[in-house]
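# Structural overview
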Amino acid sequence: MTPIYFPFTWMDADTIQAITAVFSKFVVYRPSTGKTPSFFHPFEQNGMLEILTPVADDGDHIEKVAADYQNWAKLHQGCDLGFLKSRQPEAPFTDSLSSSIQSEILHYREPSASTPQETLTNARLFLEVAAAYDRQQSEIDCQLEGIQDIEKRFMTATGNVSEQAGISLGNLPLSTDDPGDFMTRERLQAWAILALQDHRQRMPDDPLITSSPAIIRWIQDIFQVEKVMQIDAIPQTPHPDIDTKLWQEAISNYIREIQTRSWPFAIRTFEPPSSEYAIENAVSVKAFITVNQSSDNVLQQLAMRPYDNAVMSGNTRHGVIIQVDSCGCVIGRG
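So, here's what we can say about the structure. (Residues numbered from 1 in each chain as written. Predicted model: local features only at pLDDT ≥ 70, side-chain atom pairs only at ≥ 80, totals over all residues. Heavy atoms only, no water.)

## So, the overall build of the protein
What counts, and what does not: Note on conventions: DSSP H or I runs of at least 4 residues are helices, E runs of at least 2 residues are strands, and numbering of each starts at the N terminus. The buried label goes to any residue with under 20% of its type's maximum accessible area, the exposed label to any with over 50%, and the partly exposed label to all in between, with areas taken from a 1.4 Å probe on protein chains only. Every accessible area reported is derived by Shrake-Rupley at a probe size of 1.4 Å, with residue values counting cover from the shown protein chains alone.
For the protein, the count of helices and strands is 10 helices and 7 strands. Here the protein, with 334 residues, has 48% of them falling under the buried criterion. Carbon and sulfur atoms make up 50% of the accessible area of the protein, which amounts to about 16,500 Å² in all.

Right, here's the structure in full:
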């Protein structure tokens, strides 16, 4: 059992560290075989993070098309993700020429029926653009947080405000937004289409893990979802000890067990292996089951019928979705 991060294809280092406090290893899907962020490499080398590209390598075609599309959007002051949304599930353009892009827009009337390959290509393109958007927003958040910290220390040094008081820079939002709250349905659908291409590595009952409360809320609106585990504070340690590993194994075993239980059942709670940690370095964990819907069934419905509430008959296994937060707040970006 290896949890799979969803419905994003990019995350920051804080998110990786938070997830590895709960699981010794997890998987991240990539829409293309392009260069991965350098901060991924230590986690890969330690066996904590596995990066998979479900679709066979097509060179850097998706990256080039996404880059051309973003350049076009900047030139025309458009919204890259917004335009992609308007063309779902049809690919926004078929080559990298701006004239082709303009032609697609000028002659757009109603979406035509797309082939499975076109739908997959569009999903990969959407995820590539979304990853770039999330990375950019994460960088902006980090810069704003740095400005907030500088202003906070300055005001404290001058005696104008206590160190604990919050600082507001005009109307700028300084809290990290939830990336899953933007184009949620499109993110879930595109990611599910990509994930279903992994026929070799993914197991039908692999848990799905996210750092986005908005994603959990969306899933709850579609499926019958029940919370089956909550841990308020898990310490993040740079080098997990034997107690931490045994505790992680206990959580994994519990997740395997609840997938075959008949709902309702008694919810088990867990205590951290040690209480000697700073709360700012802790993460909270919630686990949910999609009752009588395996993870594979959930992906099928997200990819093809995102609003369908029907329960597939004959299924007795539950899918598991895990939400990891940092001190009750959203961590990282997708």
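The discussion continues.
## Structural notes on the pattern of salt bridges
Keep this limit in mind: A pair is scored as a salt bridge if a Lys or Arg side-chain nitrogen falls within 4 Å of a carboxyl oxygen belonging to Asp or Glu.
Counting across every chain of the model gives 6 salt bridges. Here R187 ties to D134 by a salt bridge, and the two come within 2.9 Å at their closest N and O atoms. Of this pair, R187 sits in helix α7 (residues 184-195) while D134 is found in helix α6 (residues 116-157), placing the two residues 53 residues apart along the sequence. The same class applies to R187 and to D134, which are both buried. For D296, the salt bridge is made with R202, and the minimal N-O distance between the two is 3.0 Å. Highlighted residues: D296 in helix α10 (residues 295-304) and R202 in the loop between α7 and β4 (208-210), separated in sequence by 94 residues. With relative accessibility at 12%, the residue R202 sits in the buried group.

## Details of the environment of A303
Selection criterion: By the convention used here, residues are in contact when the closest approach between their heavy atoms is within 4.5 Å.
Relative to the elements of secondary structure, A303 occurs in helix α10. Residue class for A303 comes out buried when judged on its relative accessible area of 4%. The sequence separation of A303 and L196 amounts to 107 residues, and the corresponding C-alpha distance is 8.5 Å. In this structure A303 touches Q189, A192, I193 and L196, once residues within four positions along its chain are discounted.

## Things to note about the nonpolar core
Side chains of nonpolar character tend, in soluble globular proteins, to be buried together. The following threshold applies: Buried Ala, Val, Leu, Ile, Met, Phe, Trp, Tyr and Cys residues that are joined via side-chain atoms within 4.5 Å together make up what is termed a nonpolar core.
Core analysis: the biggest nonpolar cluster contains 69 residues, and W191 and I322 have the highest contact counts within it. Of the residues forming this core, the biggest block, 7 residues, is contributed by α7. Leave out the neighbours within four places in its chain, and I322 touches F23, P207, L208, I209, T210, I255, V285, K286 and A287.

## Observations concerning helix α9 (residues 242-258)
Along an α-helix, residues three or four positions apart point the same way, because every turn accommodates 3.6 residues. For clarity, the cut-off: Take the number of residues in a helix, subtract one, and multiply by 1.5 Å to get its expected span. Note: the arc covers the axis-to-C-beta directions of the helix.
In this model, α9 (17 residues) spans 25 Å end to end at C-alpha, consistent with the 24 Å of a helix rising 1.5 Å per residue. For α9, the full list of buried residues reads T244, W247, Q248, I251, S252, Y254, I255 and I258. For α9, the arc enclosing every buried residue in end-on projection is 155°, short of the 170-degree limit, so these residues lie on one face. The outward face of α9, more than 90 degrees from its buried face, is lined by the exposed residues I242 and L246. Buried positions along α9 lie against α1 (13-20), β5 (225-235), β6 (282-290) and β7 (319-326).

## What about the pairing of β7?
Our working rule: Here, any two strands with at least 2 DSSP bridges between them count as paired.
In terms of residue burial, β7 counts as a mostly covered element, since 8 of its 8 residues are buried. Residues G319, I321, Q323 and D325 of β7 are buried on one face, and the alternating residues V320, I322, V324 and S326, pointing to the opposite face, are buried as well. Across 3 bridges, β4 lies against β7 in parallel orientation. Looking at the pairing, T210 lines up with Q323 of β7. In this sheet, β7 lies alongside β6 in antiparallel orientation, the contact comprising 8 bridges.

## Thoughts on the environment of E44
Locating E44 in the fold gives a position in helix α2 (residues 40-45). Looking at E44, the relative accessible area reads 31%, which means it is partly exposed.

## Notes on the side chain of S212
This is how it is decided: Pairs of N or O atoms are called polar contacts if they sit within 3.5 Å, as long as, within protein, a hydrogen donor faces a hydrogen acceptor (for residues adjacent in sequence, only side-chain-to-side-chain pairs).
Relative to the helices and strands, S212 resides in the loop between β4 and α8 (213-222). At 2.8 Å, the side chain of S212 and the side chain of D178 are in polar contact. Excluding anything up to four places from it in sequence, S212 contacts F8, D178 and G180.

This is a description of form; function is not addressed.
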